[in-house]
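# Close look at the chain arrangement
Next come the chains, spelled out residue by residue.
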Amino acid sequence: MQKDALVLPSPAKLNLMLHILGRREDGYHQLETVFQFLDYGDEMTFAVRDDGKICLHTPFEGVPHDQNLIVKAAKKLQEQSGCSLGIDIWIKKVLPMGGGIGGGSSNAATTLLGLNHLWQLNWDEDRLAALGLTLGADVPVFVRGRAAFAEGVGDILSPEYPEEPWYVVLKPQVSVSTAEIFSHPLLTRNTLPIKVRPVPKGNSRNDCEAVVTELYPDVRKALNLLGKYTEAKLTGTGSCIFGAFPNEASADKVLHLLTEPLTGFVAKGSNISMLHRTLQNLSKETGTRYS
Ligand SMILES: C[C@@](CO)(OP(=O)(O)O)[C@H](O)COP(=O)(O)OP(=O)(O)OC[C@H]1O[C@@H](n2ccc(N)nc2=O)[C@H](O)[C@@H]1O
Ligand SMILES: Nc1ncnc2c1ncn2[C@@H]1O[C@H](COP(=O)(O)OP(=O)(O)O)[C@@H](O)[C@H]1O
């Protein structure tokens, strides 16, 4: 690896609540959701190439190189900016795929921000978020890096400041397809919009939960298990579930009681993503603006 490589985190997100208000003509659903980041995620390393090639060196099981959101993000940014440079990318992947914690979207956003810096494009956040939205509904929130109340298809963001507890996140041994849940006939699609902000306590339901637990009994089992210790909820379309705890020790204790046969982790909730905290620290060290 080159000595001037840039190493950046790619954090997970949780949907602290998720309401589905309706469906647009293009099939996409209008949502209201609260996004918060976790201080837990993948680690990505970037090194510039002079030959214009985009090379992801870490293989992903079941995801061909050119279908990877990392590669798609890099190629789109290269095309739209007209940049002649390329990039080598490595990733230490810890986030489970298809878990509703946004790993793919987060990887895409970290790629956009990392390359914006390394290729010296100086794109602003709005432009990067707009490009991100063409890759997936969740990419803009990762580009902006601040906890948010989201409307539209999840792309119209306004600041939200939820508490920042410690979470236990459990991954049942199933992967849920977002498209499958959103096309299900029994999905709740008529929840009324929330008029009051910040989102009042008691609005923390996830409208996908009923369909997901019906189709995936392992998710129901996990919710019941964690639900013995705290309120347990689904994030996004699952399959991960989570519950809040007042401190790391109490979260750790419950994780150790529960993991077999589930896998899971403990992480602190954060209203500023660790990617953006890292970029801010780099800016201070080098005097360069990173996004
Ligand atoms: C619902 C959320 C909440 O965070 O679920 P998770 O994927 O994280 O579980 C996301 O907005 C998902 O975002 P993302 O995973 O980027 O979805 P996309 O790739 O854009 O869309 C996957 C598929 O889900 C459906 N879809 C997605 C978002 C949305 N607001 N309405 C939809 O109907 C569409 O059928 C689309 O083809
Ligand atoms: N870099 C990536 N990381 C994870 N998943 C990716 C990536 N690129 C493409 N994918 C595809 O996107 C799907 C959804 O991944 P992910 O974002 O992790 O889940 P979710 O949207 O449920 O949080 C994966 O099952 C995989 O097929």
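Reading guide: rules and limits
Residues numbered from 1 in each chain as written. Chains lettered and ligands numbered in written order. Predicted model: local features only at pLDDT ≥ 70, side-chain atom pairs only at ≥ 80, totals over all residues. Heavy atoms only, no water. Helix = DSSP H or I, 4+ residues; strand = E, 2+ residues; numbered from the N terminus. Buried < 20%, exposed > 50% of the residue type's maximum accessible area, 1.4 Å probe, protein only. Near = heavy atom within 4 Å. Polar contact = N/O pair within 3.5 Å; in protein donor to acceptor, adjacent residues only side chain to side chain. Areas by Shrake-Rupley, 256 points an atom, 1.4 Å probe, with all protein chains shown as cover. UniProt positions renumbered as here; feature names shortened; annotations may be inferred. 1 Å grid on protein atoms, 1.4 Å probe; cavity = no way out; pocket = protein on both sides within 12 Å on 5 of 7 lines; lining within 4 Å. Contact = heavy atoms within 4.5 Å. Axes fitted to C-alpha atoms, helices over the stretch in contact; angles between N-to-C directions. Left-handed = near helix turned anticlockwise from the far one by under 90°. Nonpolar A, V, L, I, M, F, W, Y, C, P; charged D, E, K, R; others polar. Pairing = 2+ DSSP bridges. Sits in = over half its atoms within 2 Å of the grid points.

### Here's the deal with unusual backbone geometry
- Arg197 connects to Pro198 through a cis peptide bond whose omega is -5°.
- For Pro198, the position within the fold is in the loop between α5 (178-182) and α6 (209-215).
- Residue Ser239 is reached from Gly238 by a cis peptide bond, and omega for that bond is 10°.
- In this structure, Ser239 sits in the loop between β8 (233-234) and β9 (241-245).
- Positioned with a positive phi, Gln120 is a non-glycine residue whose angle comes to about 55°.
- Relative to the helices and strands, Gln120 resides in the loop between α2 (103-118) and α3 (125-133).
- Note on Gln120: relative accessible area 64%, which makes it exposed.

### Overview of the site of ligand 1
- Taken together, the neighbourhood of ligand 1 is formed by 19 residues, with Lys13, His29, Asp138, Thr178 and Thr237 sitting nearest.
- One of the backbone N or O atoms of Ala137 is found 3.0 Å from an oxygen atom in ligand 1.
- One of the backbone nitrogen or oxygen atoms of Thr237 is found 2.8 Å away from an oxygen atom of ligand 1.
- Starting from 690 Å² of accessible surface for ligand 1 in isolation, the protein chains cover 81%.
- When contributions to the shell around ligand 1 are tallied by element, the ones reaching two or more residues are β1 (6-23), β2 (29-49) and α5.

### Quick notes on the UniProt feature "binding site: ATP" (unreviewed entry) in the protein
- Under the UniProt annotation, "binding site: ATP" (unreviewed entry) lies at Pro96, Met97, Gly98, Gly99, Gly100, Ile101, Gly102, Gly103, Gly104, Ser105 and Ser106. Of the residues annotated just before, the largest pocket has Pro96, Met97, Gly98, Gly99, Gly100, Ile101, Gly102, Gly103, Gly104 and Ser105 among its lining.
- Relative to the helices and strands, Gly102 is located in the loop between β4 (86-92) and α2.
- In this view, Gly102 contacts Lys13 and Phe142; residues no more than four positions away in its chain are not counted.
- Structurally, the position occupied by Ser105 is in helix α2.
- In contact with Ser105, not counting residues within four places along its chain, are Leu69, Asp138, Val139 and Phe142.

### Details of the packing of helix α1 (residues 69-81) against α2
- Put simply, α1 and α2 touch, their axes get as near as 8 Å, and they point 35° apart. As for the relative orientation of α1 and α2, their crossing is right-handed in sense. When α1 is examined against α2, the residues Leu69, Ile70, Ala73, Ala74 and Leu77 are found in contact with a partner set consisting of Gly104, Ser105, Asn107, Ala108, Thr111, Leu112, Leu115 and Asn116.
- Classifying every residue of the contact of α1 with α2 by side-chain character gives eight nonpolar, five polar and no charged.

### Some words on the UniProt feature "active site" (unreviewed entry) in the protein
- In the numbering used here, UniProt assigns the "active site" (unreviewed entry) feature to Lys13 and Asp138. Judged by maximum C-alpha separation, these annotated positions cover 126 residues in sequence but sit close together in space, the widest gap being only 9.4 Å. Taking the annotated residues in turn, Lys13 and Asp138 line the largest pocket.
- Within the secondary structure, Lys13 sits in strand β1.
- Residue class for Lys13 comes out buried when judged on its relative accessible area of 2%.
- With sequence-adjacent residues up to four places away left out, Lys13 is seen in contact with Phe35, Gln36, Phe37, Gly100, Ile101, Gly102, Asp138, Phe142, Thr235 and Gly236.
- Polar side-chain contacts of Lys13 include one of 2.8 Å to the backbone oxygen of Gly100.
- Relative to the elements of secondary structure, Asp138 occurs in the loop between α3 and α4 (139-144).
- If near-sequence neighbours (up to four positions away) are discounted, Asp138 is found in contact with Lys13, Phe35 and Ser105.

### Quick look at the pairing of strand β10 (residues 263-270)
- Sheet topology places β2 next to β10; two bridges connect them, and they run antiparallel. Bridging across to β10, Phe37 finds its partner in Ser270.
- In this structure, strand β7 (residues 166-171) lies alongside β10, joined through six bridges in antiparallel fashion. Considered in β10, the bridge of Val169 is made with Phe265.

### What about the site of ligand 2?
- Among the 18 residues in the neighbourhood of ligand 2, the closest are listed as Asn68, Leu69, Gly100, Gly102 and Gly104.
- For ligand 2, a nitrogen atom lies 3.0 Å from a polar atom in the backbone of Leu69.
- Backbone polar atom of Gly102 to an oxygen atom of ligand 2: 2.6 Å apart, as the coordinates give it.
- Coverage of ligand 2 by the protein chains reaches 77% of its 530 Å² of free accessible surface.
- When atom positions are compared with the pocket grids, ligand 2 is found to occupy the largest pocket.
- Looking at the shell around ligand 2, the elements that each hand over two or more residues are α1 and α2.
- The greatest single-element share of the shell around ligand 2, amounting to four residues, is contributed by α2.

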